[in-house]
Amino acid sequence: QVHLQESGPGLLKPSQTLTLVCTVSGGAITINDYFWSWIRQAPGKEPEWIGYMSWDGLTRYSPSLRSRMVISRDTSRNQVTLQLISVTPEDTAMYYCTRLLLHWVGIPDWGQGTQVTVSS
């Protein structure tokens, strides 16, 4: 029922700011008890949780990226946005928007993902 669609630039140069938008249809991002998490995965590496926005607007970030990222939302457009500043080639990965219930109940919903490549 719910559909998540990531969008943003596929190619960036080092030092630029990455902005990714997760547009949600079939369910409001404000529905109680859902978390909207950004996850990324580089080739040959484990998936990495990088941050979330809760249904009521609270945020939490991975300690390794906390100083460089911001998750925000636009409830009128039903969108969750990721900003990552000062990108480096180590930020190259597939980026996914996901939805999961409080206490990890049920199966997560995933977007199809979007590839981000940082290269000079």
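All of these numbers come straight from a predicted model, not from anything done at the bench. (Residues numbered from 1 in each chain as written. Predicted model: local features only at pLDDT ≥ 70, side-chain atom pairs only at ≥ 80, totals over all residues. Heavy atoms only, no water.)

**Considering the pattern of salt bridges**
- This structure, assessed with the given rule, holds five salt bridges.
- The residue Arg40 makes a salt bridge to Glu48 at a minimum N-O spacing of 2.8 Å.
- In this structure Glu48 comes out as partly exposed when scored by relative accessible area, which is 26%.
- The partner of Arg77 in a salt bridge is Asp74, with the nearest N and O atoms 3.8 Å apart.
- When its relative accessible area of 26% is taken as the criterion, Asp74 is described as partly exposed.
- Taken together, the shared-partner salt bridges in this structure form one network comprising Arg40, Glu48, Arg68 and Asp91. (Salt bridge = Lys/Arg side-chain N within 4 Å of Asp/Glu carboxyl O. Buried < 20%, exposed > 50% of the residue type's maximum accessible area, 1.4 Å probe, protein only.)

**Describing the nonpolar core**
- Trp38 and Tyr95 are the most contacted members of the largest nonpolar core, which has 27 residues in total.
- Broken down by secondary-structure element, the contributors of at least two residues to this core are strand 3 (18-25), strand 4 (34-41), strand 5 (48-54), strand 7 (69-74), strand 8 (79-84), strand 9 (93-101) and strand 11 (114-118).
- In terms of residue count, strand 3 provides more of this core than any other element does, four residues in total. (Core = buried A, V, L, I, M, F, W, Y, C linked by side-chain atoms within 4.5 Å. Helix = DSSP H or I, 4+ residues; strand = E, 2+ residues; numbered from the N terminus.)

**Description of the layout of surface pockets**
- In this structure, the largest pocket encloses a volume near 270 Å³.
- If you go around the largest pocket, you meet 15 residues; those closest to its centre are Ser37, Trp49, Tyr52, Leu100 and Trp104.
- Across the lining of the largest pocket, the residue classes break down as ten nonpolar, three polar and two charged. (1 Å grid on protein atoms, 1.4 Å probe; cavity = no way out; pocket = protein on both sides within 12 Å on 5 of 7 lines; lining within 4 Å. Points joined across faces, edges and corners; volume = space filled by probe spheres on them. Nonpolar A, V, L, I, M, F, W, Y, C, P; charged D, E, K, R; others polar.)

Function cannot be inferred from these measures alone, as they are strictly geometric.
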